[in-house]
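Coordinate inspection notes
If you want the building blocks of each chain, they are given just below.
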Amino acid sequence: MKRVWMVFLPALFLAFLCWSSALEAAEKTGAGGKGEKINDDYAGSEVCMGCHDEQTKSMGRNSHWKKAIKESPISNKGCESCHGPGGEHVRQGGGTIGSLITFSKSEPAQKKAPICLSCHENSSQLALWDSGVHKKQDVACSDCHSVHGAVRPQTGYGTTRVGLGYTPGPEYQTCGKCHLDVKAQINRRSHHPIIEGRITCSNCHQPHGSMGPSQIKAASVNQLCYKCHAEKRGPYMFEHPPVEENCAACHTAHGSVHAKLTVEKVPNLCQGCHDGTRHPATRYSRETLLTGAVPSNKSYNRSCLNCHANIHGSNAPSNPGSLGNSGSYFLR
Ligand code: HEC
Ligand code: HEC
Ligand code: HEC
Ligand code: HEC
Ligand code: HEC
Ligand code: HEC
Ligand code: HEC
Ligand code: HEC
Ligand code: HEC
Ligand code: HEC
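Please read these numbers as outputs of a predicted model, since none were measured by experiment.

**Section: the overall build of the chain**
When helices and strands are tallied, the chain shows 14 helices and four strands. Expressed as a percentage of its 332 residues, the buried residues of the chain come to 15%. Considering only contacts within the chain whose residues lie at least 6 apart along the sequence, 44% involve residues at least 24 apart.

**Overview of the site of ligand 4**
If you check the shell around ligand 4, you find 20 residues, and the closest are Cys116, Cys141, Cys144, Ser202 and Pro207. Where the shell around ligand 4 is concerned, the elements lending two or more residues are α6 (109–120) and α8 (141–144). In terms of residue class, the shell around ligand 4 is made up of ten nonpolar, eight polar and two charged.

**With respect to helix α12 (residues 221–228)**
Every buried residue belonging to α12 is among Val221, Leu224 and Cys225, and all of these are buried. Take α12 and look down its axis: the buried residues cluster within an arc of 95°, on one side only.

**Quick look at the environment of glycine 93**
As for its placement among the helices and strands, glycine 93 is situated in the loop between α5 (87–91) and α6. As a C-alpha pair, glycine 93 and cysteine 51 span 42 residues in sequence and 9.2 Å in three-dimensional space.

**Let's talk about the nonpolar core**
By size, the foremost hydrophobic cluster in this structure holds 16 residues, and its most contacted members are Tyr172 and Cys201. Among the secondary structure elements, those contributing two or more residues to this core are α9 (171–176), α11 (201–204), α12 and α14 (268–271). The leading source of residues in this core is α12, at three residues. Residue contributions to this core reach at least three from each of two domains, namely domain 2 (121–217) and domain 3 (239–332).

**Comments concerning the confidence of the model for the chain**
The predicted model of the chain has a mean per-residue pLDDT of 80, with 72% of residues at 70 or higher. Between residues 9–35, whose pLDDT stays under 50, and residues either more than four places distant or in other chains, the model counts eight contacts. Here residues 152–166 scores under 50 on pLDDT; set against residues more than four positions off or in separate chains, the count is 37 contacts.

**Brief notes about unusual backbone geometry**
That bond from glycine 234 to proline 235 is cis: its omega, 5°, falls within 30 degrees of zero. Of note, proline 235 is situated in the loop between α12 and β2 (238–239). Here valine 266 and proline 267 are connected by a cis peptide whose omega angle stands at 10°. Of note, proline 267 is situated in the loop between β3 (255–256) and α14. Even without being a glycine, lysine 260 presents a positive backbone phi close to 50°.

**A word on the environment of serine 45**
Following the sequence through the fold, serine 45 ends up in helix α2 (residues 45–51). The exposure class of serine 45 is buried, given the 22 C-beta atoms found within 10 Å. The spatial distance from the C-alpha of serine 45 to the C-alpha of glutamate 80 is 7.0 Å, given a sequence separation of 35 residues. Excluding residues that lie within four positions of it along the chain, serine 45 makes contacts with Gly78 and Cys79.

**As for the environment of proline 85**
Within the secondary structure, proline 85 is located in the loop between α4 (79–83) and α5. Given 19 C-beta atoms within 10 Å, proline 85 falls into the partly exposed group. In this structure the C-alpha to C-alpha distance between proline 85 and aspartate 41, which are 44 residues apart in sequence, comes to 5.3 Å.

Thresholds applied
Residues numbered from 1 in each chain as written. Chains lettered and ligands numbered in written order. Predicted model: local features only at pLDDT ≥ 70, side-chain atom pairs only at ≥ 80, totals over all residues. Helix = DSSP H or I, 4+ residues; strand = E, 2+ residues; numbered from the N terminus. Buried ≥ 20, exposed ≤ 12 C-beta atoms within 10 Å, placed from the backbone. Contact = placed C-beta atoms within 7 Å. Near = placed C-beta within 6 Å. Nonpolar A, V, L, I, M, F, W, Y, C, P; charged D, E, K, R; others polar. Arc of directions from axis to C-beta. Core = buried A, V, L, I, M, F, W, Y, C linked by C-beta atoms within 7 Å. Domains from an automatic or database assignment. pLDDT = per-residue confidence, 0-100.

Quick look at the structure:
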């Protein structure tokens, strides 16, 4: 009997040790049970604020710092809601970053975005973030949103700073940091009034991700254009097929060196599709060359548009017998 206890007691003690350390480990493990250690070495915002004056001031102008909002960082872990536990950083007098997340360029986006998403993933705007191009290209929330550079949100057209703190300055400059080609396009002779502040990139694009092509805020290019150019939807008695099909057959959205955002100069634009019309669509014949005795009415001034003025479609009656009177030819 005595010998049994001599084996059993140490075994029981060992079992207790294992159980208690397992409990401790479980307490430190993330809720998802992914084996990630929870670091609860928080210092509290008051401490951070003692040393980081500038960021403290900027937070004060920020909707993240509203005590009235229950889910806001200030109502939770404060600075450490975003930066993570800063105990180690504080004990070293700021001498080491420790486990802090600094949102610096060197940290990968996959490490930064989940922090923001932990509070924002239910926003309808972010519903398609996971399938969006920006996430796939390692763009972080903080590449567009400047949490500390925040100004109060402004809305509507004429906006220069939308939402909460984009990098200070107009939105197109934030986007233009990376989209240099588009930035060049919006400065061309004909352009959507983006630099004038009348519309923004995000009037047309959902930067977080969308179902449409090129993350536009519509199912197709035409549906997008109709939002602001409803009159082009028709219906027309006489339709010009490419208009219904795709505005982009003739227009570019950002900017063009040709008038009215067209992808090509008229008549070349038209001649891309109409090479064999009854009246010669080609202006470069011997008789009609601009340098000839009689300059071609197909080159002069507005070229084809001199006569085919209602290029998107016409509701005028058609009377093919009398020239210049015909809706079906978009003459009026
Ligand atoms: C004793 C002063 C002190 C305290 C307290 C302190 N910090 Fe710091 N912190 C510093 C110093 C010094 C640096 C390094 C120099 C720098 O980059 O500003 C630094 C750096 C940082 C950085 C990185 C800056 C960068 O450019 O990479 C972040 C983020 C930061 N601290 C956040 C916090 C947070 C959050 C807290 C509270 C948990 C906190 N700090 C508390 C002094 C402090
Ligand atoms: C909502 C999330 C969030 C909260 C809350 C927050 N920060 Fe930040 N912090 C960031 C992000 C993101 C950056 C990277 C720069 C940027 O986007 O403005 C940053 C950068 C910093 C930096 C590095 C220097 C800089 O400006 O780039 C310091 C220091 C800092 N924060 C301190 C603080 C302190 C102190 C608090 C609390 C008063 C705080 N942060 C609260 C998200 C946050
Ligand atoms: C602890 C929760 C929490 C975290 C973490 C958090 N936010 Fe927020 N955020 C909020 C709340 C709450 C609001 C205010 C919503 C409101 O006004 O109804 C907000 C507002 C915003 C807004 C919109 C501002 C406006 O006024 O419309 C943006 C943009 C934003 N956060 C970006 C971020 C980014 C980027 C990060 C990560 C660096 C982040 N948030 C981290 C809770 C959080
Ligand atoms: C490519 C730039 C870009 C990136 C990356 C980005 N955002 Fe945004 N975000 C914007 C723009 C632009 C708006 C304004 C959209 C609008 O008005 O339609 C916005 C709006 C918001 C809003 C305000 C929504 C509202 O209802 O007012 C929140 C919150 C937000 N973003 C959070 C995030 C979070 C969290 C991430 C990272 C997971 C993120 N954003 C990544 C550009 C970006
Ligand atoms: C008037 C609406 C509109 C505005 C404003 C707008 N875009 Fe676009 N964008 C489009 C359309 C339409 C496409 C092409 C969609 C397709 O056919 O796939 C596009 C395509 C893109 C593409 C992908 C392919 C390419 O052409 O380079 C990028 C990147 C882009 N836009 C960025 C921007 C940026 C950055 C801004 C602000 C400076 C902006 N857009 C403003 C409508 C717009
Ligand atoms: C940190 C860099 C960065 C910033 C800032 C940025 N983008 Fe992008 N964006 C990218 C990259 C990388 C891609 C993928 C490659 C490409 O198409 O150019 C992309 C792709 C896109 C596309 C094409 C999507 C597709 O399906 O082809 C659009 C539209 C777009 N961005 C719009 C915006 C808008 C609007 C903003 C500003 C609110 C913005 N981006 C800010 C890096 C950025
Ligand atoms: C968010 C609103 C909005 C959307 C969406 C939009 N536009 Fe525009 N568009 C405008 C505004 C504003 C102007 C300037 C009108 C003015 O100056 O009177 C404009 C002007 C134009 C012009 C004339 C440009 C010039 O040089 O005079 C063309 C062509 C045009 N848009 C085509 C399109 C096409 C094609 C689409 C779809 C890809 C589109 N728009 C989507 C708002 C929009
Ligand atoms: C067959 C080529 C073609 C197609 C397709 C086309 N457009 Fe146009 N669009 C033109 C031409 C050419 C002009 C210049 C007309 C002028 O100067 O009289 C123009 C001018 C415009 C203008 C500025 C002048 C005005 O009439 O308001 C807008 C806005 C416009 N188009 C929108 C659209 C939209 C939206 C679509 C798609 C639904 C579209 N266009 C499809 C050729 C086209
Ligand atoms: C993307 C191709 C495309 C472009 C670009 C284009 N068209 Fe058309 N156009 C068509 C198609 C397709 C029809 C229908 C032809 C048919 O019904 O036989 C048409 C019909 C017409 C008609 C009526 C012809 C008829 O027989 O009823 C006229 C006039 C016309 N286009 C003029 C123009 C002018 C002027 C331009 C330049 C501003 C232009 N088109 C640009 C594709 C195009
Ligand atoms: C001086 C006025 C005028 C100019 C300029 C003009 N057209 Fe026409 N076009 C007409 C008239 C009138 C008709 C219908 C009568 C007919 O059958 O010839 C017509 C018919 C058409 C048709 C449909 C009939 C067919 O031949 O297939 C097309 C397509 C067309 N034009 C394209 C163009 C293009 C492209 C240009 C520019 C290179 C152009 N037009 C310049 C007056 C003009």
